[in-house]
Amino acid sequence: MESKTRIPLAERMRPKSFDDFVGQEHIVGENKLLYRAIKFGTLGSCIFYGPPGTGKTTLANIIANTLNANYVKINAVTSGVSDAKAIIERAKQDKLMFGTDTFLILDECHRWNKAQSDCVLEAIENGYIYFIGTTTENPYTSMTRAIVSRCRVFEFKPITTQDIKKALIRALNDKENGLGNLPVECDEDALSYFAFASGGDLRNALNSLELAVMTTPFEKGESIHINLEIAKDSTDRKALSMDENMYYDFLSAFCKSLRGCDVEGALYYSQRLIKAGCDPMIIARRLVAHSSEQAFANVQSIYA
């Protein structure tokens, strides 16, 4: 097996230019702010935040390549103040001697503590580095205010199923980095399921597709046929998953729907929670609590 095939499909298919980038039309669409800033070379430090697999790190890499700048990519989990200072010193020399810009791309930037964040503030202000942080957490609540105030914040949205399907088809046809050299036949409903079940996470969809292709047996001279059943078996998450914040938001919305006598809303939020893996007993307990509150309110109204 070639070494390239050992690299996950999602990483091999990571776009290197805007032509292959999918999603986030609200910020990189033509004439949008980020698009204009990149086009005219006026992009400053910024923070990309949003769900996993929506293109945050990919877009940061594309920006650095498009602007013909140096870029250094580090992870907040494994880096420290000394790493940041070394990068800044090198960037300062490149800026003063050659006029070359340097982008510091920091994955999981919300994990940097105050000391780590403060060490790059002066370099950002002086223009020695351009900071691009990527995070799945809201930077306004998870990062120090000093660094957020020096950056433009862009929120990434889950990628639409149509855009994910385009990326999956590209991976199936790509002979250099994708699965184009394999005799794969993927049914339309299976492709749609990969896109839907990923929940807007393109990385997850590509990984599920790769797992399906690599684990489906086939005879020599035949094609690797991916049907809906195989697609479902290869998907390692529920079709409607959610993170911790979404869980509490939907649970709160369910309770508010009950109190507001919104039957359709209560049914929607309860089913959305259950489909995402929530224990139905939690829904049942909330119903019992709401019934008790309503009964107590009725008794109070009688004797008022």
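Report on the accompanying structure. (Residues numbered from 1 in each chain as written. Predicted model: local features only at pLDDT ≥ 70, side-chain atom pairs only at ≥ 80, totals over all residues. Heavy atoms only, no water.)

### Some points on the overall build of the chain
Secondary structure assignment for the chain yields 17 helices and seven strands. Viewed in the frame of its principal axes, the chain has a C-alpha envelope of about 85 × 65 × 35 Å. Expressed as a percentage of the 304 residues in the chain, the buried residues total 44%. Considering only contacts in the chain between residues 6 or more positions apart, those separated by 24 or more positions represent 76%. If you sum the accessible surface of the chain, you get close to 17200 Å²; carbon and sulfur atoms cover 51% of it. Side chains of the chain give 35 positive and 38 negative charges; the mean places of these two sets differ by 5 Å. (Helix = DSSP H or I, 4+ residues; strand = E, 2+ residues; numbered from the N terminus. Buried < 20%, exposed > 50% of the residue type's maximum accessible area, 1.4 Å probe, protein only. Contact = heavy atoms within 4.5 Å. Areas by Shrake-Rupley, 256 points an atom, 1.4 Å probe, with all protein chains shown as cover. Lys, Arg positive; Asp, Glu negative; His and termini not counted. Charge placed at Lys NZ, Arg CZ, Asp CG, Glu CD.)

### Here's the deal with the packing of aromatic side chains
Using the criterion set out here, one finds six aromatic pairs in the structure. Arranged with centres 5.1 Å apart and planes meeting at 45 degrees, the rings of Phe48 and Phe156 form a pair that is tilted. Separated by 108 residues along the polypeptide, Phe48 in strand β1 (residues 46-49) and Phe156 in the loop between β5 (152-155) and α11 (161-173) bring together distant segments of the chain. An identical accessibility class is assigned to Phe48 and Phe156; each is buried. Here Arg272 stacks its cationic end above the ring of Phe250, 5.0 Å away from the centre of that ring. (Phe/Tyr/Trp six-rings, centres within 6.5 Å; stacked < 30°, edge-to-face > 60°. Lys NZ or Arg CZ within 6 Å of the ring centre and 35° of its normal.)

### Some thoughts on the nonpolar core
Leu168, Leu206, Leu209 and Ile226 are the most contacted members of the largest nonpolar core, which has 27 residues in total. For this core, the secondary-structure elements that each account for two or more residues are α2 (9-12), α11, α12 (188-197), α13 (202-215) and β7 (224-226). Those residues in contact with Ile226, other than ones at most four positions away along the chain, are Val184, Glu185, Cys186, Asp187, Ala190, Phe194, Ala212, Val213 and Thr216. Counting 25 residues, the second largest nonpolar core, distinct from the first, contains Ala76, Ile87, Leu121 and Ile129. (Core = buried A, V, L, I, M, F, W, Y, C linked by side-chain atoms within 4.5 Å.)

### Looking at the packing of helix α15 (residues 244-259) against helix α16 (residues 263-275)
What describes two packed helices is the angle between their axes and the distance between those same axes. Two elements in contact, α15 and α16, have axes separated by 8 Å at closest approach and are oriented at 155 degrees. When the interaxial angle is binned, α15 and α16 end up roughly antiparallel. Where α15 crosses over α16, the handedness of that crossing is left-handed. Residues Met246, Tyr247, Phe250, Leu251, Ala253, Phe254, Ser257 and Leu258 of α15 form the contact with α16, whose participating residues are Gly265, Ala266, Tyr268, Tyr269, Ser270, Arg272 and Leu273. Along the lines of polarity and charge, the residues of the contact of α15 with α16 split into eleven nonpolar, three polar and one charged. (Axes fitted to C-alpha atoms, helices over the stretch in contact; angles between N-to-C directions. Parallel < 35°, antiparallel > 145°, perpendicular 65-115°, else oblique. Left-handed = near helix turned anticlockwise from the far one by under 90°. Nonpolar A, V, L, I, M, F, W, Y, C, P; charged D, E, K, R; others polar.)

### Digging into helix α5 (residues 56-66)
An α-helical turn contains 3.6 residues, so a residue and the one three or four places further along point in the same direction. With nine of eleven residues buried, α5 lies mostly within the body of the structure. Among the residues of α5, Lys56, Thr57, Thr58, Leu59, Ala60, Asn61, Ile62, Ile63 and Ala64 are the ones counted as buried.

### Things to note about unusual backbone geometry
Of note in the backbone geometry, Gln24 takes a positive phi value of approximately 60 degrees without being a glycine. Its location among the elements puts Gln24 in the loop between α2 and α3 (25-28).

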